[in-house]
Amino acid sequence: MDILALPRLIWEFVVYLFAVMPDLLPIILSLATPLALGALCGVLGERSGVVNIGIEGIMLMAAFFGYLTGFVLHEPLGTGAALALGIVVAVGTGALLGLLHAWLTVTVRADQIIAGTMMNIAAFGVTGYLNRLIITPSGRGGAGVITPFHLPDQLATLPFVGPILAMFLDQGPIAMSVIVLVLISQFALFRTRWGLRTRAVGEHPKAADTVGIDVFRQRYMNVIIGCGIAGLAGAYLTLESTGSFQNGMTNGRGFIALAAVIFGRWTPLGSFLGALLFGTATAFGIIVNVRPAEGDLGTLMKTIPTFWYAALPYLITVVILAGVVGRSTPPAADGIPYAKEGKG
Amino acid sequence: MRRWRGRLGPTWAKASIPVYSIVLAFAVAAVVVIVSSAFTATGFDPLLPFAAYARLLAGSFGSDNAVYNTLVAAAPLMFGGLAVGIGLKAGLFNIGVAGQFLVGAFAAAVTGAALATAPTIVGMPLAMLAGALAGAAYGFIPGYLKARTGAHEVVTTIMLNNAAALLLTWAVNDLVRAPGFSFPRTAEIGHSALPILAGRNLHLGIVFAVAAVFVIRWILDRTTLGFEIRTVGANPNAARYAGMRPIFITALTMTISGLLAGLAGAIQMLGVIGFYAPGITASVGFDSIAVALLGRSDPIGILFAALLFGAFRAGAPLMQIETSVPIEVIDIIQALVILFLAADLIVRRVFRVRAPKVEITEMATVTGSWGAGTPPPGTAG
């Protein structure tokens, strides 16, 4: 090992990153999509004071019922209509479960984390149950996947700009909707009356109540809208990304989304960046296998086993959470049920 | 029911809501089974739940072997339930039992295989110890992070669950893969296996599990540590003013919790599975949460809850084979039990139970630490 070994390795790594960029960028957004949508659900809920660790389960339920809709309807209605209805059903499933979560946490004032845990177990049970009962015995597939929009080759092959354009535009409609939803939420949360009320209810519900804001109604609305968005994340998994349903296929995405919420300091844009970061870590773990590096860097990277790259996003989540969380402040009333005076 | 109330008094006051929750969960799950039967080949069958529950009962208590199966399934759930339960006592929600279980199972498998030819009295305890220590170490990480940085254990433990599964798969592939098998797995554990007590499969683990129930009960009720754990869980600020160290207690409780989860993995490995291979399932993880919540975090409650869910796991395969009601109905029942426990308002309405004078607060304290670190109102004191 000479003295220049480390700088050279770093240089080779940078060169390698640029070399794989065209392969890396387009899959980052697709990997980040369910995380970003789940994180939006988390932001909207927690900004109004409701913690939801059931995002994982809501995504899974929505993924299943969206898939089931496509599965049942694609013969009578045709693929396009079945997929579109599948997305509607998935979002509706999310919103309905959001109603349940809101009722449990706002009206009944059940512990929010336990309510979320219930949601996760229920989702695993209900989807596994119906999958075994209906889909597996039929032996046929679902409605397939939504055809992604394809960027014209002239644009995609442009140097530097091409991969970035491909990252955002060479995608299906749900993945492309993410950036729009994030921007709308960011604007709504910080520039509209609704957003001001949401934040008031999440920071100081009693003060909000005193000036005439309906705390319960605001929390119900936020949780239901958020969970509808989490439902869209479920639709993405079965109807846009894979075209099939497997038991437990959300595989922890709902929880990474929660970490993205904290990473992004409870803002839609910040949590989107968090989701992109985790997406990048996952994409990198895939790319190093598909296009291994060469030279000294290659030998070094090959000594790191594949499974370590796969575990990277999870470990990064833990490290980031430990590093970030102490320096970020959640909404003051996050996780605390509100009881009206005299009714407590 | 009414006549029991006088005699069992305080016990019934604690157990009534869980018992009613189970009854209600079975009733609602029956509706799910009836409705969903309409979509199957056999067609709509309003009596299906009765047939299914009868097979479930037969599979879990119908014969000596069925009872042994129930006990074997209950043993890791007792450890896992205690792991979650002791965390809840300190206001911590350890969803990481699945990961700590895997780490404990792996450590026990590797140690057991290394000592496969040693006498059982040497190999088995050492393998158990390895599992316990590995689980404890894996529980310490989120505990330390929570105590030092405030990173919430719900997110960190879930991440560590996924990381554990992947890293252990790598370890089995590249580090400790036993030669002569077509798939990656660890070597035979030989004499390190837990001795069989009765039947084909009832192993010594159940004795350890029941013993652990009473040890944890003793720690929680009779020692200073237990008092500190409960105080920190009830009100960290009061604990600090009383001279306790909530940070230390938080890290220590997660370590103990991980140790118990590691032991769950160890007895499952040394008593049932016998070797570590990628994809061994850790359904014990989620089941343990249900067990702890149903048992109200009370060790004796956890003992009974683990027996109940052990019976579900033991009986469900027979139910699925003979009535084709999918095994996942167990998860649905578990979720419903938790739902009715969390929203005990529903249970009180249905069964006309009055609210207790002293609120049982364990259920209502784990979200407090998510936000600004202030406990929710009503839990102080």
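Residues numbered from 1 in each chain as written. Chains lettered and ligands numbered in written order. Predicted model: local features only at pLDDT ≥ 70, side-chain atom pairs only at ≥ 80, totals over all residues.

## Some thoughts on the overall build of chain B
Then, in step 1: A tally of regular secondary structure across chain B gives 14 helices and two strands.
Then, in step 2: Here chain B has a C-alpha radius of gyration of 21 Å; the compact-globule value for 381 residues is 21 Å, and the two agree.
Then, in step 3: Looking at chain B residue by residue over its 381 residues, the buried ones come to 56%.
Then, in step 4: Contacts spanning at least 24 positions in sequence make up 75% of the contacts within chain B whose residues lie at least 6 apart. (Helix = DSSP H or I, 4+ residues; strand = E, 2+ residues; numbered from the N terminus. Rg over C-alpha atoms; globule rule 2.2 N^0.38 Å. Buried ≥ 20, exposed ≤ 12 C-beta atoms within 10 Å, placed from the backbone. Contact = placed C-beta atoms within 7 Å.)

## Looking at the overall build of chain A
Then, in step 1: Counting its regular elements, chain A contains 14 helices and zero strands.
Then, in step 2: Counting from the amino terminus, chain A carries its helices and strands in the arrangement α-α-α-α-α-α-α-α-α-α-α-α-α-α.
Then, in step 3: Whereas a compact globule of 344 residues would reach a radius of gyration of roughly 20 Å, chain A reaches 22 Å, a difference of no more than 12%.
Then, in step 4: Reported as C-alpha extents along the three principal axes, the dimensions of chain A are approximately 75 × 55 × 35 Å.
Then, in step 5: Burial analysis of chain A (344 residues in total) assigns 52% to the buried set.
Then, in step 6: Here the analysis covers contacts within chain A between residues at least 6 apart in sequence; of these, 80% occur between residues at least 24 apart.

## Here we look at the interface of chain B and chain A
Then, in step 1: At the junction of the two partners, chain B supplies 46 residues and chain A supplies 47 residues.
Then, in step 2: Elements with a minimum of two residues in the side of chain B that touches chain A: helix 5 (120-149), helix 6 (153-175), helix 11 (284-294) and helix 13 (329-342) of chain B.
Then, in step 3: Classifying every residue of the side of chain B that touches chain A gives 32 nonpolar, 11 polar and three charged. (Nonpolar A, V, L, I, M, F, W, Y, C, P; charged D, E, K, R; others polar.)

## Overview of helix 8 (residues 224-234) of chain B
Residues and elements named next belong to chain B.
Then, in step 1: All of the buried residues along helix 8 are Glu228, Ile229, Val232 and Gly233. For helix 8, the buried positions fall inside an angular range of 130° around the axis, keeping them on one side.
Then, in step 2: Summarising the contacts, the buried residues of helix 8 are in contact with helix 3 (64-89), helix 7 (205-222), helix 9 (236-241) and helix 10 (246-273). (Arc of directions from axis to C-beta.)

## Details of the nonpolar core
Generally speaking, a soluble globular protein has its nonpolar side chains buried in company with each other.
Then, in step 1: Among the nonpolar cores identified, the biggest contains 227 residues, and Met78, Phe79, Leu270 and Ile338 of chain B are the most heavily contacted of them.
Then, in step 2: Counting five residues, the second-largest nonpolar core is a separate cluster that includes Ala200, Val201, Ala208 and Val215 of chain A. (Core = buried A, V, L, I, M, F, W, Y, C linked by C-beta atoms within 7 Å.)

## Focus on the packing of helix 14 (residues 306-324) of chain A against helix 6 of chain B
Then, in step 1: Running from N to C, helix 14 of chain A and helix 6 of chain B cross one another at 160°; their axes reach a closest spacing of 9 Å. By the angle between their directions, the pair helix 14 of chain A and helix 6 of chain B is classed as roughly antiparallel. Judged by the twist between their axes, the crossing of helix 14 of chain A over helix 6 of chain B is left-handed. Facing helix 14 of chain A, whose interface residues are Phe307, Trp308, Ala310, Ala311, Tyr314, Leu315, Thr317, Val318 and Leu321 of chain A, helix 6 of chain B presents Val155, Thr156, Met159, Leu160, Asn162, Ala163, Leu166, Leu167, Thr169 and Trp170 of chain B. (Axes fitted to C-alpha atoms, helices over the stretch in contact; angles between N-to-C directions. Parallel < 35°, antiparallel > 145°, perpendicular 65-115°, else oblique. Left-handed = near helix turned anticlockwise from the far one by under 90°.)

## A short note on the environment of alanine 314 of chain B
Residues and elements named next belong to chain B.
Then, in step 1: Note that alanine 314 resides in helix 12 (residues 299-323).
Then, in step 2: Separated by 244 residues in the primary sequence, alanine 314 and threonine 70 place their C-alpha atoms 5.2 Å from one another.
Then, in step 3: Setting aside chain neighbours within four positions, we find alanine 314 in contact with Gly59, Ser60, Ala66, Asn69, Thr70 and Ala73.

## Notes on the confidence of the model for chain B
Residues and elements named next belong to chain B.
Then, in step 1: Averaged over every residue, the pLDDT of chain B is 86; residues scoring 70 or more account for 90%.
Then, in step 2: The model gives residues 360-364 a pLDDT under 50, and that stretch makes 12 contacts with residues more than four places away or in other chains.
Then, in step 3: Taken together, the stretch residues 372-381 has pLDDT below 50 and engages in 20 contacts with residues farther than four places along the chain or on a different chain.
Then, in step 4: Predicted complex metrics record ipTM = 0.87 and pTM = 0.88. (pLDDT = per-residue confidence, 0-100.)

## Structural notes on unusual backbone geometry
Residue and element names in this part refer to chain A.
Then, in step 1: Even without a glycine there, the phi angle at arginine 265 is positive, about 50°.
Then, in step 2: Within the secondary structure layout, arginine 265 lies in the loop between helix 11 (253-263) and helix 12 (268-290).
Then, in step 3: Of note, the phi angle at tryptophan 266 is positive, near 60°, even though the residue is not glycine.
Then, in step 4: Checked against the element boundaries, tryptophan 266 lands in the loop between helix 11 and helix 12.

## Some remarks on the packing of helix 12 of chain A against helix 14 of chain A
Residue and element names in this part refer to chain A.
Then, in step 1: Packing of helix 12 against helix 14 brings their axes to within 9 Å, and their N-to-C directions diverge by 175°. In terms of orientation, helix 12 lies roughly antiparallel with respect to helix 14. Two secondary-structure elements touch here, helix 12 through Phe278, Ala281, Thr282, Phe284, Gly285, Val288 and Asn289 and helix 14 through Thr306, Tyr309, Ala310, Leu312, Pro313, Ile316 and Thr317.
Then, in step 2: Split into classes, the residues belonging to the contact of helix 12 with helix 14 amount to nine nonpolar, five polar and no charged.

## Here's the deal with the environment of alanine 239 of chain B
Residue and element names in this part refer to chain B.
Then, in step 1: Locating alanine 239 in the fold gives a position in helix 9.
Then, in step 2: For the pair alanine 239 and glutamate 228, spaced 11 residues apart in sequence, the C-alpha to C-alpha distance is 7.4 Å.
Then, in step 3: When residues no more than four places from it in sequence are discounted, the contact partners of alanine 239 are Glu228, Thr231, Val232, Met244 and Pro246.

## Looking at the environment of serine 48 of chain A
All names here are of chain A.
Then, in step 1: Position of serine 48 relative to the elements: it lies in the loop between helix 1 (5-47) and helix 2 (55-77).
Then, in step 2: Along the chain, serine 48 and leucine 151 lie 103 residues apart, while their C-alpha atoms are 39 Å from each other.
Then, in step 3: In this view, serine 48 contacts Thr198, Val201, Gly202, Gln218, Arg219 and Asn222; residues no more than four positions away in its chain are not counted.

## Topic: helix 13 of chain B
Then, in step 1: The end-to-end C-alpha distance of helix 13 of chain B, which contains 14 residues, comes to 20 Å, matching closely the 20 Å that a straight helix rising 1.5 Å per residue would cover.
Then, in step 2: In terms of residue burial, helix 13 of chain B counts as a mostly covered element, since 14 of its 14 residues are buried. (Expected span 1.5 Å × (residues − 1).)

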